[in-house]
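Understanding the architecture of this molecule
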Amino acid sequence: MQTAHIGDFALGQSTLLRDRMAQVLPHWNDDVPGYGYVLGMHAFGLEETGLYARAEDTGRRALELNRRDPWAVHAVAHVMEMQGRIGDGIEWLTSRAPDWSIDNGLAFHNWWHLALHHLEFGEHARVLEIYDTRIRPAPTSVALEMVDASAMLWRLSLRGVDVGTRWQALAAAWAPLADDGYYAFNDVHAMFALVGAGDWAGVERVTGSLQRAAQETGTNGMMSRDVGLPLARAIAAFGRGQYAEAMNTLLPVRASVHRFGGSHAQRDVVQLTLLEAALRAGKAAQARALAAERTDLKRTSPLNWRLTARALESQGRADDAKRARDTADLHAAAQRTPRTATREAA
Ligand SMILES: [Fe+2]
């Protein structure tokens, strides 16, 4: 079941993340060993299909049976991420860290989720500290870890944060995989690192791998053709400062990104890149529209309100921009006291 669950995840089959677990629920109960893990997987599927309240309840129930299940912790962390409950998310992950962070292969990813919350608050030094000590403490060649490292550095770079030589170290770890063309989701994350490091020869290699894969008839052929290759081209254009081209390349593919797998939270890096490209290209109306999508979906996110403020500034609407910035500050202040962030507020 776990293998199928991870398969559904990698294939972008959100509804099956949920429904495959629902198929077996009638055959399990508290008396059967492993029931907590089934609930933890079901919780993640519920979250990825937007059923947040049920996801959180199910995840919490899973943890009552087995508080050390990192996937159930992760499912609830996703709920908090999607609902913009930043204070709750930090509290959730830090208070339970002894349960999920010790001797566990998924720990780097739950640390990545914690870093996402700190990113919302603009606490970049803390994000880099988590990156250095928890997400990328050693130069491993584990693709899952490199994916999270690449995405986090890219998100920091979108905010103009100088990440030092971290890009070079990460790009060097991706380099041996650059010709594989095995999974478009990974290739796109390799592209973040190679572009970040300014390794243009590496960028060409990954682009070539995606082009070859795009000719194939299998699942990764579809992913590379429909999602991976356009994203890779957009990321490279962004890295070269060709922001209008990056934006125009991302616009037609933004609604299909789920087809190459991963979670909503992971794929949001694509939408953030699109919005940043629009801002840097001076496409104020598009940036404003994209920012409006984000604030509508996640009203308590300081980041979304700051992006809105930048878009309004590019439109020459200084007063509205100031109001958006004040809203960002209000939400950040309210959420720094975790108890004030409730489900209702989200
Ligand atoms: Fe996740």
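Residues numbered from 1 in each chain as written. Predicted model: local features only at pLDDT ≥ 70, side-chain atom pairs only at ≥ 80, totals over all residues. Heavy atoms only, no water.

Observations concerning the overall build of the chain
If you tally the helices and strands in the chain, you get 19 helices and zero strands. The C-alpha radius of gyration computed for the chain amounts to 20 Å, which stays within 12% of the reference 20 Å derived for 346 residues, consistent with globular compactness. Its C-alpha atoms give the chain principal-axis dimensions of about 60 × 50 × 35 Å. Counting only contacts in the chain whose residues sit at least 6 apart along the sequence, the fraction spanning at least 24 positions is 63%. Counting every atom, the chain has about 14,500 Å² of accessible surface; 52% of that belongs to carbon and sulfur. (Helix = DSSP H or I, 4+ residues; strand = E, 2+ residues; numbered from the N terminus. Rg over C-alpha atoms; globule rule 2.2 N^0.38 Å. Contact = heavy atoms within 4.5 Å. Areas by Shrake-Rupley, 256 points an atom, 1.4 Å probe, with all protein chains shown as cover.)

So, unusual backbone geometry
The residue Asp103 is not glycine, and still its phi comes out positive at about 50°. The topology assignment puts Asp103 in the loop between helix H7 (97–100) and helix H8 (107–120). Judged by its relative accessible area of 78%, Asp103 falls in the exposed class. (Buried < 20%, exposed > 50% of the residue type's maximum accessible area, 1.4 Å probe, protein only.)

Points about the coordination of the iron ion
Within the protein, the iron ion binds to His74 (NE2), His78 (NE2), His109 (NE2) and His113 (NE2); these donor distances fall in the range 2.1 to 2.2 Å. Taken together, the four donor atoms surrounding the iron ion define angles of 87 to 177° at the centre, an arrangement classified as irregular. Read in sequence order, the donor residues for the iron ion give the motif H-x3-H-x30-H-x3-H. Taken together, the positions of His74 in helix H5 (residues 70–82) and His113 in helix H8 put the pair 39 residues apart, joining distant regions of the chain. (Donors = N, O, S within 2.8 Å, 3.2 Å for Na, K, Ca; no water. Tetrahedral: all angles 85-135°; square planar, octahedral: opposite > 155°, others 65-115°.)

With respect to the pattern of salt bridges
Taken as a whole and assessed by the stated rule, the structure comprises 23 salt bridges. Its salt-bridge partner being Asp132, residue Arg166 comes within 2.7 Å of it at the nearest N-O pair. In this pair, Arg166 is assigned in helix H11 (residues 166–174) and Asp132 in helix H9 (residues 124–135), connecting sequence segments 34 residues apart. Here Asp329 ties to Arg306 by a salt bridge, and the two come within 3.0 Å at their closest N and O atoms. Here Arg306 lies in helix H18 (residues 302–314) and Asp329 lies in helix H19 (residues 318–336), a separation of 23 residues in the sequence. (Salt bridge = Lys/Arg side-chain N within 4 Å of Asp/Glu carboxyl O.)

Some remarks on the environment of Leu51
Summarising the element assignment, Leu51 is placed in the loop between helix H3 (35–48) and helix H4 (52–65). Among the residues examined, Leu51 registers a relative accessible area of 34% and is labelled partly exposed. Along the primary structure Leu51 and Leu116 are separated by 65 residues, whereas in three dimensions their C-alpha atoms are 21 Å apart. The residues touching Leu51, leaving out its near neighbours within four places in the chain, are Arg18 and Leu46.

Observations concerning the domain arrangement of the chain
You can read the domains of the chain as domain 1 (1–106), domain 2 (136–278) and domain 3 (282–346). On the side of domain 2, 13 residues touch domain 1, which itself brings nine residues to the contact. Carbon and sulfur atoms supply 60% of the area that domain 1 and domain 2 bury against each other, a total of about 800 Å² over both sides. Joining domain 1 to domain 2, the criterion identifies zero salt bridges. Inspection of the domain 1/domain 2 interface yields three residue pairs in polar contact (both at pLDDT 80 or more). Elements represented by at least two residues in the side of domain 1 that touches domain 2 include exactly helix H1 (2–11), H3 and H5. (Domains from an automatic or database assignment. Buried area = accessible area lost by both parts, 1.4 Å probe. Polar contact = N/O pair within 3.5 Å; in protein donor to acceptor, adjacent residues only side chain to side chain.)

Some remarks on helix H15 (residues 243–250)
Among all positions of H15, only Ala246, Met247 and Leu250 are buried. The buried side chains of H15 occupy one side of the element, clustering within an arc of 95° when seen end-on. Elements in contact with the buried residues of H15: helix H14 (219–239), helix H16 (264–280) and helix H17 (284–297). (Arc of directions from axis to C-beta.)

Quick notes on the side chain of His74
A relative accessible area of 1% means that His74 is categorised as buried. A distance of 3.0 Å separates the side chain of His74 from the side chain of His109, its partner in a polar contact. Here His74 is in contact with Phe44, Leu106, His109, Asn110 and His113, once residues within four sequence places are set aside.

Considering the environment of Glu47
On the secondary structure map, Glu47 appears in helix H3. You can call Glu47 buried: its relative accessible area is 0%. Spatially, the C-alpha atoms of Glu47 and Leu17 are 9.4 Å apart, while their sequence positions differ by 30 residues. Setting aside residues no more than four positions away along its own chain, Glu47 makes contact with Tyr52, Ala55, Ala75, His78, Val79 and Met82.

A few points about empty space enclosed by the protein
Counting across every chain of the model gives three cavities of 30 Å³ or more. Space inside the largest cavity adds up to approximately 80 Å³. Taken together, 13 residues form the lining of the largest cavity, with Glu81, Glu120, Arg155, Arg159 and Leu303 sitting closest to its centre. Contributions of two or more residues to the lining of the largest cavity are made by H8, H16 and H18. (1 Å grid on protein atoms, 1.4 Å probe; cavity = no way out; pocket = protein on both sides within 12 Å on 5 of 7 lines; lining within 4 Å. Points joined across faces, edges and corners; volume = space filled by probe spheres on them.)

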